[in-house]
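# Geometric and topological summary
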Amino acid sequence: MASRESSVFISRLKNLPVLDVAGDQLGRVRDVIVQRRVDGRPPRVKGLLVELFARHRIFISMARVRNVDPTQIVISGVLNTRRFERRDSEILVIDDLFDQSAQRTDQQTPAVVFDVAMQTTRVHEWELSEVAIRESRPRAFGRRGHVTILDWDEVRISGFDATFQGTDHLLAEFEDMKAADVARELHNMTPERRAEVAAALDDVKLADALEELPEEEQVQLIQGLDPERAADVLEEMDPDDAADLIGELAPEVAERLLNRMEPEEAKDVRRLLIYEDFTAGGMMTPEPVILAPDATVAEALAKVRDAELTPALACMVYVCRSPLETPTGRYVGGVHFQRLLREPPSTLVSALLDSDLEPLQAETKLHVVSRYFATYNLVNAPVLDADRRLLGAVTVDDVLDHVLPPDWRGTQLDALSAQTNLGSRRSRGRSVSRG
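A few points on the structure.

Parameters at a glance
- Residues numbered from 1 in each chain as written.
- Predicted model: local features only at pLDDT ≥ 70, side-chain atom pairs only at ≥ 80, totals over all residues.
- Heavy atoms only, no water.
- Buried < 20%, exposed > 50% of the residue type's maximum accessible area, 1.4 Å probe, protein only.
- Helix = DSSP H or I, 4+ residues; strand = E, 2+ residues; numbered from the N terminus.
- Arc of directions from axis to C-beta.
- Contact = heavy atoms within 4.5 Å.
- Salt bridge = Lys/Arg side-chain N within 4 Å of Asp/Glu carboxyl O.
- Pairing = 2+ DSSP bridges.
- Phe/Tyr/Trp six-rings, centres within 6.5 Å; stacked < 30°, edge-to-face > 60°.
- Core = buried A, V, L, I, M, F, W, Y, C linked by side-chain atoms within 4.5 Å.

Leu-366, Val-369, Tyr-372 and Phe-373 are the residues of helix H15 (residues 366-376) that are buried. Projected down its long axis, H15 shows its buried positions confined to an angular sector of 125°, all on one face. Exposed positions of H15 whose direction lies more than 90 degrees from the buried face are Ala-374 and Thr-375. Tucked inside the fold, the buried residues of H15 contact helix H11 (280-283), strand E17 (360-361), strand E18 (380-384), strand E19 (390-395) and helix H16 (396-403).

The structure is reproduced here in structure tokens:
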């Protein structure tokens, strides 16, 4: 049973102002975009359709939504102002579901969809939870039918539950897969089918899968996309992964895509491209967790709880003088999150700095970096310039990406596919023997 307290009815979101974290209004909500999932689970909420100005409508992912209340919606991050183009697998709740014929699963009374509610399942993740239906039979004296609120699985909406095939069904299966599993599926497809599915995937899902694919397949996919779409996908990738991919493209293609990216996102990627391959600068991410010297343990722990951080990035926080975006002001030091967990919340992070953690230089070569990680049992290490400004951080997965053979991703995906196929054959064999 869905929790009535945690549900948000989508009719109440329409026309709400959308603000950034500074309180400036960006636009207004026009609809909510969802995607079906397999096995009868409620559709996942992908994001909001927001109108900025002159009827210019854009997509904002739910991952960027920080607060939803009765008067406004607050988002964070860089706003992608590319005009919204609906994909075949996407459903607009207000446009597509409101006023559709509907029926309760336990009775035959005709009804229509009056409203639909959504609720959070995890941080920044939402799904449809309830449907408000109105009886469509006229009542006495012309009064409208009674409205009933039911759980999503207690209602059948006309046209929505029809069997969906091909790419649409595949995308629904991808929804709850890990990025490596989506990459494995893409890897096993023909180049033509891979391009078809990639064109239908949403930007975030495709970006995550691209990071797990062999370089050759990454290049094929990104070059096969419309340049505007390719730039959007690159923006969703981690800057170091985007820089690695762009570095594999022809210079004129790379420059064209960088020019189409949002300036702030492109700036991070361009900065990484100036460093040589197989150096700390070439491997680092420019977005570690950075705090001011007067930040407390409570503030640091709030930062590392961000669901968008990878575990490797979340394990260290760095204290720097202003500015706090890379390249920062003077680097002060770093603290491992385990130390933060052992200290009172009001303690200043700058009082807990690890004095034994010697930073890397941007020019430090891979063989030195790998020995450095092994010697000090590190997962994350700071990278400084000659003026002791923090440029970014190298994580252990960045090191492994460069230490392993160039074709390791393809080999790993082939091995995973073989395991999956073997498991499937064994399962079928057991099924036959039981019969």
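Further remarks concern the environment of Ala-172. Positionally, Ala-172 belongs in helix H2 (residues 166-174). Distance from Ala-172 to Leu-201, taken between C-alpha atoms, is 9.9 Å for residues 29 residues apart in sequence.

Moving on: the pattern of salt bridges. Tallying each qualifying case throughout the model produces 22 salt bridges. Arg-229 is the salt-bridge partner of Asp-203, the closest N and O atoms lying 2.6 Å from each other. Here Asp-203, found in helix H5 (residues 203-210), pairs with Arg-229, found in helix H7 (residues 227-236); they are 26 residues apart in sequence, far enough to count as distant. For the salt bridge of Glu-228 with Arg-260, the shortest nitrogen-to-oxygen distance reads 3.0 Å. Residue Glu-228 is located in helix H7, and its partner Arg-260 is located in helix H9 (residues 251-260); the two are separated by 32 residues in the primary sequence. Members of the salt-bridge network, linked through shared partners, are Arg-44, Lys-46, Glu-90 and Asp-202.

The next point concerns the pairing of strand E5 (residues 57-61). Looking at chain direction, strand E4 (residues 44-51) and E5 are connected through five bridges and run antiparallel. Considered in E5, the bridge of Leu-48 is made with Ile-60. Linking E4 back to E5 in an antiparallel pair, the connection comprises five residues, with Ala-54 at a positive phi of about 50°.

Let's shift gears to the environment of Glu-264. Counting through the fold element by element, Glu-264 comes out in helix H10 (residues 263-273). The class for Glu-264 is partly exposed, based on a relative accessible area of 43%. Linking Glu-264 and Glu-235, residues 29 residues apart in sequence, is a C-alpha distance of 9.5 Å.

So, about unusual backbone geometry. In this structure, Pro-323 follows Ser-322 across a cis peptide bond, with omega equal to 0°. The peptide bond linking Thr-326 to Pro-327 adopts the cis configuration, its omega dihedral lying at -10°. Along the chain, Pro-327 turns up in the loop between strand E15 (316-320) and strand E16 (331-336). Even without glycine at this site, Asp-99 takes up a positive phi of about 70°. Structurally, the position occupied by Asp-99 is in the loop between helix H1 (93-97) and strand E9 (101-104). Overall, the relative accessible area of 63% leaves Asp-99 in the exposed class.

We now examine the packing of aromatic side chains. Evaluated as defined, the whole model comprises three aromatic pairs. Between the aromatic rings of Tyr-318 and Tyr-331, the centroid separation amounts to 6.2 Å while the plane-to-plane angle is 50°, which identifies the pairing as tilted. Here Tyr-318, found in strand E15, pairs with Tyr-331, found in strand E16; they are 13 residues apart in sequence, far enough to count as distant. Across the pair, exposure class does not vary: Tyr-318 and Tyr-331 are buried alike. When the centroid spacing of 6.1 Å and the interplanar angle of 65° are considered together, the rings of Tyr-372 and Phe-373 count as edge-to-face.

What follows is about the nonpolar core. Among the nonpolar cores identified, the biggest contains 64 residues, and Ile-222, Leu-234, Leu-360, Phe-373 and Val-394 are the most heavily contacted of them. Beyond its immediate stretch of four places on either side in the chain, Phe-373 contacts Leu-360, Leu-378, Val-379, Asn-380, Ala-381, Val-394, Thr-395, Val-396 and Val-399.

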